[in-house]
Amino acid sequence: MKKLLGTTIAVMFIMAVNAQIIITGKVTDKQDRPLQSATVILETPAKKMVTLTNSNGYFEFKTIAANAACKITITHIGKKITEENFIAGADKTINFMLEDAELFLEPLEIKSIRATDKTPFTKTDINKQQLAKTNLGQDLPFLLNQTPSVTITSDAGNGIGYTGIHIRGTDASRINVTLNGIPYNDAESEGTYFVDLPDFSSSVNSVQIQRGVGTSTNGAGAFGATINLSTNEFHEQPYGEVNNTYGSFNTWKNTVKAGSGLIGNHFTVDARVSRIVSNGYIDRAGSNLQSLYFSAAYINKKTSLRFNIFAGKEKTYQAWYGVPQDSLLTHRTYNPAGTEKPGAPYSNQTDNYWQNHYQFFFNHSFNNRWNLNITSFLSRGYGYYEEYKAAQTLAEYGLQDTVINGDTISTTDLIRQLWLDNYFYGQLFSLQYKNGKDEITYGGSWTEYDGKHYGKITWTEIGSTGNHEYYNFPATKTDISFYTKWLHQLNTKWNLFGDMQYRYVMHNMEGFEENPLLFVKRKFDFVNPKAGISYNNNGYHVYFSYALANKEPNRDDFEASLLQQPKKEMLHDFELGIEGKKMQYNFSATIYYMLYKDQLVLTGKLNDVGNYTRINVPNSYRLGLELQGSYILTDRLNANASITFSRNKIKSFTEYLDNYDDGTQQAIIHNNTDISFSPSVIGSTAVNFIPVKNMELSLLSKYVSKQYLDNTQNNLRSLLSYYICDARLGYTLKQFLSAGWDIIAQVNNIFNKKYEPNGATYPYIYNGELVNDNYYYPMAGTNFMIAVNVRW
């Protein structure tokens, strides 16, 4: 692989031609204030280049062919589009003053919770064009795979269906996710299930990932990262788009998008429908996913109103059990789901879920200093997973024994459905003030979760039950928070940032499936301060910040008596970073130290109501170095890479092993062991070659070092390191049959690497020996996807 990359880069250098002309400039508003993050597009007959202005409003383009006809287009939210044409006869500096747009287009609902280049937080911004290159039908975590400190997993093995993401070793239940500023994490498990919103990426126009605690946001506390997704994009002109993808494992993605453009100078409508189907890599791990998106907006000079509806429907065959370790070599795609049924596996061992989201946004600008956002939302989710269970005791389901020919039958095979039926709703607001040196944001949210957990028996081998409901346990959760953020400019280079959040959480759970008489009502009050300082000068950004985060346990943690209830978790996060952004290159380096107090981890211990729940461990930490950079070598060759080195440790905890020989639990003390699923090295690279106009060839790679399945640092319970490579070819046809065509072909895992990024372990003692019962989630070998996208 090293020889391949070396040869490729050498050939590219030989082919590259160094240009001579440099174009620079500055973008300001009417008050001569620099505009940061304005999009600058330079087009020549040979190529198209895109960049963003830095914090001082400057931009720069290099390697422009002499005497080329050039066109520069400048866009910025809330400003009129500005263009200029010229001939690149010599180095040139052009300054632009952007006038205010006649319509109010600023998305205040995300501005209040996102970090800017002046705030002291570690972040990565991804735009719509970057997402489109990789959006071939796989779930959102796979589109974020090349970002720093990210690892991804897939139950089905090909990125469609249930997927997972870790950032800095932190799992999805500790990553705060918002959709247009609205919380998306499940209120009880605190996880994120993008399978319930298939192809949502096709409606996303920007993503910001904040690593670490980050700035205050809405919803569940960020305990390792935040992912903020925005869909509220303004389209001035009508458009239409059809995306079709076909790939390995009979994978299909079909998407139709359309927008009205601006109607009557005030109204816009955007819509999308999507369908994704796949057989999956793992046996019977099929997915049938459908979704829609609709957005309508009214906009005038001071106010915008927007209403969104988006919905998802998923039906996936269960693949969450993993492949037993002894099957990896002989039957790598083995799926134990449904095999309790005699003969062929049960055909409807499926997960079925519907999720509908309703969002309303009111944005208003009182003047050039004061802005207000008010958001209301409702998320409606309901569904079940169905499974065949053999030799079940009738009494455990509230059923009577059956007498047949004088024999009493107390067990039966049955089919059951485990249901969730919930409403999640609330309101959010933010009030923002800005003058020459100060930006102050006051915001907050109120959310309510009302969920039902119940189970049904739909069939029994013995007798007939109809739709017998054998448990029903409602739960509610209230979440109220307020925050104030202050960004103060000391001078043209130095900025101070302060952030204070108060959060109130109340859980009320009326019983659990295994413990129907266990009622738990818990309240939490959190105060989360954040502060930092940053230095910005000539494209460089240096910052230091401290943030405190508190987090409540999830539903499973509460399934213990009042004497063994879990405590809250606390995280102290220190971030020291430097970023350099130039037109030809950029780089960043971040040192982070995340110190946990009472982190909840699995130890194998049975609590006093007989469940394996997580237990607070007093001290644990993550210490890491993140490096990231990109470089434009020539107008035909560019590359980017990131690597994270980290040390993730639990200072001391006690493991408990079930001893099936005597029915007890054996305690083993561990000191200074690695935190589970926390690799010490995560790296990625991308080399992009443009052999001809409108064509791009990308070689992508990912390396993840060894990680452990539990917190004992036992090599027999681990995931091996892996290094994989993908290749992607993209080609654009402009104005072919009156439309623009994007053709994308991607080959994943081109060297057919056999690897497992995820797993589970269930150790125990039997016949005097330690048994490590491990399960793994293998990823597919070499596979492909081809997309044809047509735009009008």
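The coordinates are above.
Residues numbered from 1 in each chain as written. Predicted model: local features only at pLDDT ≥ 70, side-chain atom pairs only at ≥ 80, totals over all residues. Heavy atoms only, no water.

**Topic: the overall build of the protein**
Item 1. Scanning the protein from terminus to terminus reveals four helices and 44 strands.
Item 2. Taken over C-alpha atoms, the radius of gyration comes to 27 Å for the protein, in line with the 28 Å a tight globule of 792 residues would show.
Item 3. With the principal axes as the frame, the protein shows a C-alpha extent of 100 × 55 × 55 Å.
Item 4. Considering only residue pairs separated by 6 or more positions, the protein has 66% of its internal contacts joining residues 24 or more positions apart.
Item 5. For the protein, the accessible area works out to roughly 33,400 Å², and carbon and sulfur atoms hold 56% of it. (Helix = DSSP H or I, 4+ residues; strand = E, 2+ residues; numbered from the N terminus. Rg over C-alpha atoms; globule rule 2.2 N^0.38 Å. Contact = heavy atoms within 4.5 Å. Areas by Shrake-Rupley, 256 points an atom, 1.4 Å probe, with all protein chains shown as cover.)

**Remarks on the packing of aromatic side chains**
Item 1. Summed over the entire model, instances satisfying the criterion amount to 38 aromatic pairs.
Item 2. Between Tyr246 and Trp252 the ring centres are 4.8 Å apart and the planes differ by 55 degrees, which places this aromatic pair in the tilted class.
Item 3. Relative accessible area serves as the criterion here: at 34%, Tyr246 is assigned to the partly exposed category.
Item 4. Seen in terms of ring centroids, Tyr470 and Tyr471 are 5.0 Å apart; in terms of plane orientation they differ by 80 degrees. Their pairing is edge-to-face.
Item 5. Look at Tyr470 and you get buried, because its relative accessible area is 16%.
Item 6. The buried category is assigned to Tyr471, whose relative accessible area is 10%. (Phe/Tyr/Trp six-rings, centres within 6.5 Å; stacked < 30°, edge-to-face > 60°. Buried < 20%, exposed > 50% of the residue type's maximum accessible area, 1.4 Å probe, protein only.)

**Structural notes on the pattern of salt bridges**
Item 1. Under the criterion given, the structure shown has 33 salt bridges.
Item 2. Here Glu106 ties to Lys111 by a salt bridge, and the two come within 2.9 Å at their closest N and O atoms.
Item 3. Lys111 sits in the partly exposed class, given a relative accessible area of 35%. (Salt bridge = Lys/Arg side-chain N within 4 Å of Asp/Glu carboxyl O.)

**Side note on the sheet that holds strand β4 (residues 58-64)**
Item 1. Sheet architecture is open: three strands sit in the order β4-β1-β7, paired in mixed fashion. The sheet terminates laterally at β4 and β7 (92-97), the two strands that pair on one side only. Here the average twist between neighbouring strands, direction ignored, is 20 degrees.
Item 2. Both strand β1 (residues 21-28) and β4 contribute to a ladder of five bridges, which runs antiparallel. Bridge pairing in β4 places Gly25 opposite Phe59. (Pairing = 2+ DSSP bridges. Axes fitted to C-alpha atoms, helices over the stretch in contact; angles between N-to-C directions.)

**What about the environment of Thr441?**
Item 1. Among the secondary structure elements, Thr441 is positioned in strand β26 (residues 438-460).
Item 2. Note: C-alpha distance between Thr441 and Ser430 (11 residues apart in sequence) is 6.6 Å.
Item 3. In this structure, Thr441 is in contact with Ser112, Ser430, Leu431, Gln432, Tyr483, Thr484 and Lys485, ignoring residues within four places of it in sequence.

**Things to note about the nonpolar core**
Item 1. Counting 31 residues, the largest nonpolar core has Leu144, Ile165, Ile167, Val207, Ile227 and Leu229 as its most contacted members.
Item 2. At the level of elements, α4 (140-143), β9 (150-154), β10 (163-167), β11 (175-179), β13 (206-212), β14 (224-230) and β40 (722-736) are the ones that each hand at least two residues to this core.
Item 3. Apart from the residues lying within four places of it in its own chain, the contact partners of Val207 are Arg114, Thr124, Asp125, Ile126, Leu131, Leu144, Ile227, Asn228 and Leu229.
Item 4. Of all hydrophobic cores here, the second largest spans 20 residues; its members include Val40, Ile72, Ile74 and Phe96. (Core = buried A, V, L, I, M, F, W, Y, C linked by side-chain atoms within 4.5 Å.)

**What about the sheet that holds strand β12 (residues 182-183)?**
Item 1. Across the sheet, five strands lie side by side as β8-β13-β14-β11-β12; this open sheet has mixed pairing. The outermost strands of the open sheet, each flanked by one partner alone, are β8 (122-127) and β12.
Item 2. Of the pairings in the sheet, the one linking β13 to β14 comprises seven bridges and is antiparallel in character. Looking at the pairing, Gln208 lines up with Asn228 of β14.

**Regarding empty space enclosed by the protein**
Item 1. Enumeration over the complete set of coordinates arrives at 12 cavities of 30 Å³ or more.
Item 2. In this model, the largest cavity occupies a volume close to 140 Å³.
Item 3. Looking at the lining of the largest cavity, the elements with two or more residues in it are β17 (267-278) and β18 (287-299).
Item 4. Per-element accounting of the lining of the largest cavity gives the leading share, three residues, to β17.
Item 5. Broken down by class, the residue content of the lining of the largest cavity amounts to four nonpolar, six polar and six charged. (1 Å grid on protein atoms, 1.4 Å probe; cavity = no way out; pocket = protein on both sides within 12 Å on 5 of 7 lines; lining within 4 Å. Points joined across faces, edges and corners; volume = space filled by probe spheres on them. Nonpolar A, V, L, I, M, F, W, Y, C, P; charged D, E, K, R; others polar.)

**Describing the environment of Asp479**
Item 1. Its place among the elements puts Asp479 in strand β27 (residues 468-489).
Item 2. Residues within four places of Asp479 in sequence aside, it is in contact with Gly219, Ser445, Trp446, Thr447, Arg503, Tyr504 and Val505.
Item 3. Within the local environment of Asp479, its side chain forms a polar contact with the side chain of Arg503, the two groups lying 2.7 Å apart. (Polar contact = N/O pair within 3.5 Å; in protein donor to acceptor, adjacent residues only side chain to side chain.)

**Description of the pairing of β26**
Item 1. Note that strand β25 (residues 411-434) and β26 share 21 bridges and pair antiparallel. Counterpart to Leu418 in the pairing with β26 is Gly455.
Item 2. A loop of three residues connects β25 with β26, the two strands running antiparallel in sequence.
Item 3. Where β26 lies against β27, 20 bridges are found, and the strand directions are antiparallel. Residue pairing in the sheet places Tyr449 in a bridge with Lys477 of β27.

**Describing the pairing of β10**
Item 1. Across the five residues of β10, five count as buried, placing the element largely inside the fold.
Item 2. Here five bridges tie β9 to β10, and the two strands are oriented antiparallel to one another. By the bridge assignment, Val150 is partnered in β10 with Ile167.

**Things to note about a nonpolar patch on the surface**
Item 1. Where nonpolar side chains cluster on the molecular surface, the patch consists of Leu490, Trp494, Leu496, Ile533, Phe544, Phe574, Leu576, Ile591 and Leu623 and spans about 740 Å² of accessible area.
Item 2. Going through the elements one at a time, β28 (494-510) and β31 (569-581) are the ones with two or more residues in the nonpolar patch.
Item 3. Position of Leu623 relative to the elements: it lies in strand β33 (residues 615-634). (Patch = residues over 30% accessible without salt bridge, like charges linked within 9 Å, V, L, I, M, F, W, Y side chains within 5 Å.)

**Observations regarding unusual backbone geometry**
Item 1. Phi is positive for Arg284, which is not a glycine, with a value near 60 degrees.
Item 2. Examined against the element boundaries, Arg284 turns out to sit in the loop between β17 and β18.
Item 3. Located in the positive-phi region is Asn405, a residue other than glycine, with phi close to 55 degrees.
Item 4. With respect to the element layout, Asn405 can be found in the loop between β23 (402-404) and β24 (407-409).

**Some remarks on the environment of Pro336**
Item 1. Tracing the backbone through its elements, the reader meets Pro336 in the loop between β20 (323-324) and β21 (350-365).
Item 2. The sequence separation of Pro336 and Gly164 amounts to 172 residues, and the corresponding C-alpha distance is 20 Å.
Item 3. The residues contacting Pro336, other than those within four sequence positions of it, are Arg284, Tyr321 and Gly322.

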